[in-house]
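Spelled out, the chains give:
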Amino acid sequence: MIDRLRYNFSDLPPYEPSVADTHARLSALLARTRLDALVVTSQDAFISEYVPRRNSQRFALSGFDGSAGSGIFLGEAAAARIGVPRFVLFVDGRYHLQAQAQCDESHVQLEKLGLGVPIWSALVAWLSAHADALRAVGYDAQRVSVAQRDALVEGTREHALRWTGLTAREVDRAIALPGWQVERPIFELPETLTGTTAASNIGALGDRLRAHLRLPAERVCWFTCAADDIGYLLNCRGYHLPNASSPLGCLFVIGDQVALYLPEGCERCPVELDAYPKLQVFRNDLAALGRFLALFDVDHVCYGADAVNCAMLDSLRRTWPVARHTSFSPVEAMRASKTPQVLDQFRDAFARSSAAIAQTMRWAKYGEPGRKHSEYDLARKINDAYAARGAVGLTFTTIAAHGAHSALAHYAAASPDVELEDGELVLLDSGAYYEGGVATDCTRVVLRKSDPSAVAQPWQREIYTIALKACIKGLVTRFPADFTGHQVDDAVRSVCRSSGYDFNHGTGHGIGIHVHEGGVRFAPGSTYGLVPNAVISVEPGIYVGGKGGVRIENVVIIHPSANERGKVEFENLVAVGYDWDLIDVDLLDEAERTYLREYEQRCAELGNGVTPCPLL
């Protein structure tokens, strides 16, 4: 089980708050601070995507534990004036059904956002629409990024709302949030695994800052609160959160001088980064950090506005009150294009993960004679399979979904009480970390068939085959090198749309130190280009509410095409066979059959087939 993985948090006590109780507690805080409403995020002070329940304000106030979704908590009078429950929760298409199942409508009003509608745009629109019923709105300055605060303030400026930042963990204390404590070491990775060092990364950062700002690097302070920025720049890992390999903290770089600040919750972590002797570590002592930073004559403070929290930025304004501020971070671009050594780590990690997934999907399909199995058993099975191949942790909470649950795009509540039944779809979306500290991710679906007489229903074969055709479109097309992520998404999505289907999530996300890496992505509205040596998923899906769903996810490396100038091609890292009980061969064209024949042959040679392929 997961206990065999080196980095796990399975010994932590469960956190199951009473939503009614947390609402009452937070209402008292709003009354004391004279706020009509409070913006509540799904983030922590490091703007993390996956935040443990015990450190999630949003979970405490709504009961929803998906990775994305923020909301507005209303004071009693404001809620009455508007005529809604106390908490208004905004979620994207991945979480419509999950949030609906987890939230009590008497306490939470669910705002289901359409495809391509950003959560923060929806928050601004809602606040603007109800501005007449609101006067003062607060936010937790440690859990809201600078970009998010700017969007809130600018988007509602014409309505003259009074915005108040709470800087001293007032919300956490008010709702008695247990918080997060970790003591794991921050350790270096060898250059042989990453192809780089902390010194070379810091040097490259300085070069890019100089080129952009036309200032000496010694006159610029660049900083970040994002864990994967720290993991990349310091060439290190920490596994401080479940499903993330990076360390928590805030990083400040001035020329070749580097300060790592470890706030409350991670201040006791050992720091084992001897390869960069100019690193200074400050442990939950903002005053000491401020004194150190004040030693430098800084003219310019630079950061990614979506990667730093408001409280830390406001603290720096007090350190250098006349310094100019620029939202610019070259680290996202530096991370996106992987070194040859990192790409080799990806190839090795996906080879091991593919073998684990194929073994598990065969088990999920055929079961064991005379035994019944549950969703929870499936989640345990893939954990064991990863651990047997040297995995040190999981990259996200495994999605092990049976039947109607497979229509929940990010279903994460694998249940010991939900039996895997013959004739139903079984979806497994999972990933693991190995010693290289890069993430894997793959989704496969099978028809449960412990009884040989079980057969797929026509609708199951249809959605599986169409999703597979869409995935193949993304994998084999040589796209123009100047395409954006939006154009790739549109090409893949059009395969589903031409058959009357669609999916409420992007086609692909960047993958790196974390399973979701900022920058390159295939999604509506994405203007990011196709970066050579970037790693990204291709994962179209079709979901039929109340019945079941299919998502087929492979992960690729983007390369310049070897055969067509001005084009890119994708190197597929996943070698896990498909379920041919769910494929309608008559819906495949000749090119798709050729691709699948070659792909299944490769999987068979690796021992990673799932069902016999009739094309071989």
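Scroll up to find the structure this text is about.
Please read all numbers here as calculations on a predicted model, not as lab measurements.

Calculation criteria
Residues numbered from 1 in each chain as written. Predicted model: local features only at pLDDT ≥ 70, side-chain atom pairs only at ≥ 80, totals over all residues. Heavy atoms only, no water. Core = buried A, V, L, I, M, F, W, Y, C linked by side-chain atoms within 4.5 Å. Buried < 20%, exposed > 50% of the residue type's maximum accessible area, 1.4 Å probe, protein only. Contact = heavy atoms within 4.5 Å. Helix = DSSP H or I, 4+ residues; strand = E, 2+ residues; numbered from the N terminus. Arc of directions from axis to C-beta. Salt bridge = Lys/Arg side-chain N within 4 Å of Asp/Glu carboxyl O. Pairing = 2+ DSSP bridges. Axes fitted to C-alpha atoms, helices over the stretch in contact; angles between N-to-C directions. Parallel < 35°, antiparallel > 145°, perpendicular 65-115°, else oblique. Nonpolar A, V, L, I, M, F, W, Y, C, P; charged D, E, K, R; others polar.

Asks: Help me understand the nonpolar core in this model?
Replies: Note that soluble globular proteins tend to have their nonpolar side chains buried in a common cluster. Counting 101 residues, the largest nonpolar core has Y386, Y464 and L596 as the members making the most contacts within it. Leaving out residues up to four positions away in the same chain, L596 has contacts with L468, I472, Y578, W580, L588 and L615. Of all hydrophobic cores here, the second largest spans 56 residues; its members include A78, I82, V124 and A141.

Asks: Mind showing me how you'd approach helix α11 (residues 286-293) here?
Replies: Side chains three or four residues apart in an α-helix point the same way, a direct result of the helix having 3.6 residues per turn. Among the residues making up α11, those that are buried are A288, L289, F292 and L293. Buried residues along α11 cover an arc of 135° about the axis, so they all sit on one side. Next to the buried residues of α11 lie β10 (250-254), β11 (257-262), β13 (279-283) and α12 (310-319).

Asks: Sorry if this is basic, but what is going on with the pattern of salt bridges here?
Replies: Pairing between side chains becomes possible if they bear opposite charge and their charged atoms approach one another. This structure, assessed with the given rule, holds 39 salt bridges. Across the pair E183 and R268 runs a salt bridge, and its minimum N-O distance is 2.9 Å. Here R268 lies in the loop between β11 and β12 (271-272) and E183 lies in the loop between α7 (170-174) and β7 (186-188), a separation of 85 residues in the sequence. The exposure class assigned to E183 is partly exposed, which follows from its relative accessible area of 46%. Notably, a salt bridge pairs D579 with K365, separated by 3.0 Å at the nearest N-O pair. Here the residue D579 occupies a position in the loop between β28 (567-572) and α18 (590-606), and K365 occupies one in helix α14 (residues 340-366), the gap between them amounting to 214 residues. Of the two residues, D579 and K365, neither departs from the other in class, the shared state being buried.

Asks: Looking at this structure, I do not really get the sheet that holds β7. What am I missing?
Replies: Whenever strands of a sheet pair, they do so through backbone hydrogen bonds, lying parallel or antiparallel. Across the sheet, which stays open at both edges, the 3 strands sit in the order β9-β7-β12 with mixed pairing between neighbours. Two strands close off the open sheet at either side, each with one partner strand: β9 (236-237) and β12. In this sheet, β9 lies alongside β7 in antiparallel orientation, the contact comprising 2 bridges. Of the residues in β9, the one forming a bridge with E188 is C236.

Asks: What is the right way to look at the sheet that holds strand β8 (residues 220-224) in this model?
Replies: Strand order in the open sheet formed by 6 strands is β13-β11-β10-β8-β14-β15, and the pairing between neighbours is mixed. Only two strands of the sheet have a single partner each, and these edge strands are β13 and β15 (324-327). Geometrically, the sheet is characterised by an average inter-axis angle of 20° between neighbouring strands, direction not taken into account. Two strands pair when backbone bridges link them, and β8 and strand β14 (residues 300-303) are joined in this way by 4 bridges, in the parallel orientation. Bridging from a neighbouring strand, V220 pairs with H300 of β14. Sitting on the sheet, helix α9 (residues 198-213) touches β8, β10, β11, β14 and β15, and the angle it makes with β8 is about 120°.

Asks: Looking at this structure, I do not really get the pairing of strand β3 (residues 87-91). What am I missing?
Replies: Within β3, 5 of the 5 residues are buried, which leaves it mostly tucked inside the rest of the structure. Taking every second residue as pointing to the same face, both faces of β3 are buried, with F87, L89 and V91 on one and V88 and F90 on the other. Where strand β2 (residues 70-74) lies against β3, 4 bridges are found, and the strand directions are antiparallel. Following the sheet pairing, G71 is matched in β3 by L89. In this sheet, strand β4 (residues 108-112) lies alongside β3 in parallel orientation, the contact comprising 5 bridges. Bridging from a neighbouring strand, F87 pairs with V108 of β4.

Asks: How should I be thinking about unusual backbone geometry in this particular structure?
Replies: Excluding glycine, most residues fall at negative phi; most peptide bonds, likewise, are trans. Here the phi dihedral of A176 falls at roughly 55°; this positive angle occurs in a residue that is not glycine. Locating A176 in the fold gives a position in the loop between α7 and β7. In this structure A176 comes out as partly exposed when scored by relative accessible area, which is 43%. Although it is not a glycine, Y239 sits at a positive phi angle of roughly 50°.

Asks: Would you take a moment to explain the packing of helix α16 (residues 458-476) against α18 for this structure?
Replies: Geometry of a packed helix pair, given as the angle between the helix axes and the separation of the axes. At a closest axis distance of 11 Å, the pairing of α16 and α18 adopts a crossing angle of 80°. When the interaxial angle is binned, α16 and α18 end up roughly perpendicular. Of α18, the residues touching α16 (which contributes L468, K469, I472, L475 and V476) are E592, Y595 and L596. Looking at the contact of α16 with α18, its residues break down into 6 nonpolar, no polar and 2 charged.

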